[in-house]
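Fold and contact review
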Amino acid sequence: MSKLKLTLVRSTAGRIATHKACVRGLGLRKTHSTATIEATPENLGMVKKVSYLLKVEEV
């Protein structure tokens, strides 16, 4: 599987609770934090849901 590097570029303040949960589930906490994840269907679904908050790079 390929890996993705995610960076939280926008704040989760004032967002829908499910979107906040997706960001936390991806391992991101504060703005500009980064995480490297496996590109599984479950993770890709969460990335798609909150893509407007993230910067995604392929590793």
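1. Focus: the overall build of the protein
Of regular secondary structure, the protein possesses two helices and three strands. When the helices and strands of the protein are placed in sequence order, the string is β-α-β-α-β. Oriented by its inertia axes, the alpha-carbon framework of the protein measures out at about 35 × 20 × 15 Å. A separation of at least 24 residues holds for 72% of the contacts in the protein among residues at least 6 apart in sequence. Between the centroid of the 11 positive side chains of the protein and the centroid of its 4 negative side chains there is a distance of 14 Å.

2. A look at the pattern of salt bridges
The full count for this structure, using the stated rule, is two salt bridges. Note that Glu57 is salt-bridged to Lys55, the shortest N-O span being 3.3 Å. Its relative accessible area of 31% is what places Glu57 among the partly exposed residues.

Quick notes on the rules
- Residues numbered from 1 in each chain as written.
- Predicted model: local features only at pLDDT ≥ 70, side-chain atom pairs only at ≥ 80, totals over all residues.
- Heavy atoms only, no water.
- Helix = DSSP H or I, 4+ residues; strand = E, 2+ residues; numbered from the N terminus.
- Contact = heavy atoms within 4.5 Å.
- Lys, Arg positive; Asp, Glu negative; His and termini not counted.
- Charge placed at Lys NZ, Arg CZ, Asp CG, Glu CD.
- Salt bridge = Lys/Arg side-chain N within 4 Å of Asp/Glu carboxyl O.
- Buried < 20%, exposed > 50% of the residue type's maximum accessible area, 1.4 Å probe, protein only.

On their own, these measurements won't tell you what the molecule is for.
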